[in-house]
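For reference, the chains in residue letters:
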Amino acid sequence: DGIKVPYGPSVVFKPDFVLFPVVYPHRFPSPEKIEISSRSTFVVNGGATWLTIESLDLDGALVINCEDNIYAPAVISNLEVKNRGWVKVPTDDTDADADEVVKMRGYKIQKVETCVITIKRDGNIVKTTKVDPDFGTKELFDYDLSAPRQCEASENFSNDCNCIIL
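None of the values given here were measured: they were computed from a predicted structure.

**Focus: the environment of Glu113**
Next up, step 1: Position of Glu113 relative to the elements: it lies in strand 11 (residues 113-119).
Next up, step 2: When the C-alpha atoms of Glu113 and Lys82 are compared, they prove to be 9.7 Å apart, with 31 residues separating the residues in sequence.
Next up, step 3: If sequence neighbours within four positions are ignored, Glu113 has contacts with Ala61, Asn83, Arg84, Gly85, Trp86, Thr129, Lys130 and Val131.
Next up, step 4: Engagement of the side chain of Glu113 in a polar contact is seen with the backbone nitrogen of Arg84, the distance being 3.1 Å.

**Remarks on the side chain of Asn83**
Next up, step 1: In this structure, Asn83 sits in the loop between strand 8 (79-82) and strand 9 (86-90).
Next up, step 2: A polar contact is formed between the side chain of Asn83 and the backbone nitrogen of Ala61, at a distance of 2.8 Å.
Next up, step 3: Residues in contact with Asn83, not counting those within four places in the same chain, are Arg39, Asp59, Gly60, Ala61, Glu113, Thr114 and Cys115.

**Re the pattern of salt bridges**
Think of it this way: side chains of opposite charge can pair up when their charged atoms draw near.
Next up, step 1: Under the criterion given, the structure shown has 3 salt bridges.
Next up, step 2: Put simply, Asp59 and Arg39 hold a salt bridge, and the shortest N to O gap is 2.9 Å. With Asp59 in strand 5 (residues 56-59) and Arg39 in the loop between strand 2 (34-36) and strand 3 (41-46), this pair connects stretches of sequence that are 20 residues apart.
Next up, step 3: Since its relative accessible area comes to 25%, Asp59 is described here as partly exposed.
Next up, step 4: The class for Arg39 is partly exposed, based on a relative accessible area of 38%.
Next up, step 5: Taking the shortest distance from any N to any O, the salt bridge between Arg84 and Glu113 comes out at 3.2 Å. Placement of Arg84 in the loop between strand 8 and strand 9 and of Glu113 in strand 11 is noted, with a sequence separation of 29 residues between them.
Next up, step 6: The exposure class of Arg84 is partly exposed, given its relative accessible area of 38%.
Next up, step 7: In this structure Glu113 comes out as buried when scored by relative accessible area, which is 16%.

**Details of unusual backbone geometry**
Glycine aside, negative phi is the norm for most residues, and most peptide bonds take the trans geometry.
Next up, step 1: Phi is positive for Asn78, which is not a glycine, with a value near 60°.
Next up, step 2: Relative to the helices and strands, Asn78 resides in the loop between strand 7 (74-77) and strand 8.

**As for the confidence of the model for the chain**
Next up, step 1: Summing up the model confidence of the chain, the mean pLDDT is 77 and the portion of residues at 70 or higher is 75%.
Next up, step 2: For the chain, the element scoring lowest by mean pLDDT is helix 3 (residues 148-153), at 33; strand 2 scores highest, at 97.
Next up, step 3: When the criterion is pLDDT under 50, residues 137-166 qualifies, and its contacts beyond four places in sequence or with other chains add up to 55 contacts.

**Let's talk about the nonpolar core**
Next up, step 1: Core analysis: the largest hydrophobic core is formed by 24 residues, its most contacted members being Phe17, Phe42, Leu51, Ile53, Leu62 and Ile64.
Next up, step 2: Counting residues per element, the ones that place at least two in this core are strand 3, strand 4 (51-53), strand 5, strand 6 (61-66), strand 7, strand 8 and strand 11.
Next up, step 3: Sequence-distant contacts of Phe42, that is, excluding residues within four places in its chain, are made with Ser10, Val11, Val12, Phe13, Phe28, Ile36, Ile53, Leu56, Leu58, Leu62 and Ile64.
Next up, step 4: Residues Val43, Ala61, Val63 and Val116 belong to the second largest nonpolar core, which totals 5 residues.

**A few points about the side chain of Thr41**
Next up, step 1: Note on placement: Thr41 falls in strand 3.
Next up, step 2: In contact with Thr41, not counting residues within four places along its chain, are Ser10, Leu58, Gly60, Ala61, Leu62 and Trp86.

Scoring rules and cut-offs
- Residues numbered from 1 in each chain as written.
- Predicted model: local features only at pLDDT ≥ 70, side-chain atom pairs only at ≥ 80, totals over all residues.
- Heavy atoms only, no water.
- Helix = DSSP H or I, 4+ residues; strand = E, 2+ residues; numbered from the N terminus.
- Contact = heavy atoms within 4.5 Å.
- Polar contact = N/O pair within 3.5 Å; in protein donor to acceptor, adjacent residues only side chain to side chain.
- Salt bridge = Lys/Arg side-chain N within 4 Å of Asp/Glu carboxyl O.
- Buried < 20%, exposed > 50% of the residue type's maximum accessible area, 1.4 Å probe, protein only.
- pLDDT = per-residue confidence, 0-100.
- Core = buried A, V, L, I, M, F, W, Y, C linked by side-chain atoms within 4.5 Å.

Set out below in structure tokens:
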């Protein structure tokens, strides 16, 4: 049966985003405006040296990828992400094909639905929703967040278009 452990949110910041704790106030200037549910996964990858997250409401999975050598500041404000997220699927100790680390951990990650924000070197910012085909629709939705006014008029957006990039 193993040991039962309550899980909190999974948060991974690559060193380009936050290397030392003293940097957190620069990346999150208003921590009271950051809400991450206990079932959420939040990952920041790549050269995010100039990224600031002013406000975020996350219930699901969010991955922010920054291309290398970005020197212009990017600000994410009023971003609301609600999706099915990533699920921890229990594994069987007897599974011969399972990786040793997965066997020790006792679960594998099923990436059911992920919001991916990509900050490109040329300054464009794209938001994509990735859905695991084993869990429903195979559609991918791409949104250019560099022009939020256009997305407000789009039928593909609901409350999802609350991201402002300055």
